[in-house]
Amino acid sequence: MTFETLKPQVETIVSNSNLSHDDKLLQICQLLETNISYYNWVGFYFKNGDKNELKLGPYVGEPTDHTIIPFGKGICGQVAVSNENFVVPDVAAQDNYIACSITVKAEIVIPIFVNGENIGQIDIDSNTPDPFTEADERFLEFVCSKVSELL
């Protein structure tokens with residue numbers, strides 16, 4: 001499935017008034033993980049109240065011990081500080097990478113903004129080396145903009 005065919009499905013999930021916020025986020029994770037072959041772990045992290053840390057939200061994939069990530073630590077923690085997309089073609093080459101699974105080869109993290117504030121992010125791990133392109137970034141920015149409407 002192409003990104004363009006997934007966009008209306010993301011919009012349908014976001015606009016479904018019968019689902020809770022977490023259910024919508026989980027359905028988005030499931031949609032992406034199921035339809036994009038190199039998305040092997042898909043999840044959301046959100047700012048944990050007034051603390052300078054991220055808290056794991058809905059996700060699909062292997063269980064993770066990383067339910068709380070301090071700002072600045074790992075790829076997710078760096079995005080919480082930089083407010084910029086972070087594409088990691090080879091996680092082994094990253095000094096500040098938090099290993100979740102030995103099968104993970106690459107990661108992409110895109111921030112979610114509400115009223116100009118970085119309130120969270122979508123985090124995707126891939127077991128495929130260097131799979132992410134600019135098209136992934138643009139699509140995930142679209143997903144994050146839709147998610148921001150929920151928050």
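Above: the structure in question.
Throughout what follows, the structure given in this document is the object of discussion.

About the thresholds
Residues numbered from 1 in each chain as written. Predicted model: local features only at pLDDT ≥ 70, side-chain atom pairs only at ≥ 80, totals over all residues. Heavy atoms only, no water. Helix = DSSP H or I, 4+ residues; strand = E, 2+ residues; numbered from the N terminus. Rg over C-alpha atoms; globule rule 2.2 N^0.38 Å. Buried < 20%, exposed > 50% of the residue type's maximum accessible area, 1.4 Å probe, protein only. Contact = heavy atoms within 4.5 Å. Areas by Shrake-Rupley, 256 points an atom, 1.4 Å probe, with all protein chains shown as cover. Lys, Arg positive; Asp, Glu negative; His and termini not counted. Charge placed at Lys NZ, Arg CZ, Asp CG, Glu CD. Axes fitted to C-alpha atoms, helices over the stretch in contact; angles between N-to-C directions. Parallel < 35°, antiparallel > 145°, perpendicular 65-115°, else oblique. Left-handed = near helix turned anticlockwise from the far one by under 90°. Salt bridge = Lys/Arg side-chain N within 4 Å of Asp/Glu carboxyl O. Pairing = 2+ DSSP bridges.

## Details of the overall build of the chain
At step 1: What the chain contains, in helices and strands, is four helices and six strands.
At step 2: For the chain, the succession of helices and strands along the chain, N to C, is α-α-β-β-β-α-β-β-β-α.
At step 3: For 151 residues, the compact-globule formula gives about 15 Å, and the C-alpha radius of gyration of the chain, at 14 Å, lands near that figure.
At step 4: Buried positions account for 47% of the 151 residues belonging to the chain.
At step 5: Restricting the contact set of the chain to residue pairs at least 6 apart, pairs at least 24 apart contribute 50%.
At step 6: Taken as a whole, the chain presents about 7,500 Å² of accessible surface, with 48% of it coming from carbon and sulfur.
At step 7: On the chain, the mean spot of the 9 positive side-chain charges and the mean spot of the 22 negative ones are 5 Å from each other.

## Brief notes about the packing of helix α1 (residues 3-15) against helix α4 (residues 134-148)
At step 1: In contact at an axis separation of 10 Å, α1 and α4 are set at 15° when each is read in the N-to-C sense. With respect to α4, the element α1 is oriented roughly parallel. In this structure, α1 meets α4 at a crossing whose hand is right-handed. Contacts between α1 and α4 involve F3, L6, K7, V10, E11 and V14 from the former and A135, D136, F139, F142, V143 and K146 from the latter.

## Concerning helix α3 (residues 74-82)
At step 1: What α3 keeps buried is the set G74, I75, C76, G77, V79 and A80.
At step 2: Packed against the buried residues of α3 are β1 (41-47), β2 (53-60), β3 (68-70), β4 (86-88), β5 (106-114) and β6 (117-126).
At step 3: Phi turns positive one or two residues past the end of α3, at N83, with a value near 60°.

## Quick word on the pattern of salt bridges
At step 1: Per the stated rule, a full pass over the model turns up six salt bridges.
At step 2: K7 serves as the salt-bridge partner of E4, at 3.2 Å between the closest nitrogen and oxygen. Of the two residues, E4 and K7 are both situated in helix α1; the distance of three residues between them amounts to about one turn of the helix.
At step 3: We classify K7 as partly exposed; its relative accessible area is 22%.

## Overview of the sheet that holds β6
At step 1: If you walk across this open sheet you meet the six strands as β3-β2-β1-β6-β5-β4, and the pairing is antiparallel. Two strands bound the open sheet, and with one partner strand each, they are β3 and β4. Each neighbouring strand pair of the sheet contributes to a mean axis angle of 25°, computed without reference to strand direction.
At step 2: By the bridge criterion, three bridges tie β4 to β5 in an arrangement that is antiparallel. Following the sheet pairing, F86 is matched in β5 by V109.
At step 3: Sitting on the sheet, helix α2 (residues 21-35) is in contact with β1, β2 and β6, with an inclination near 65° to β2.

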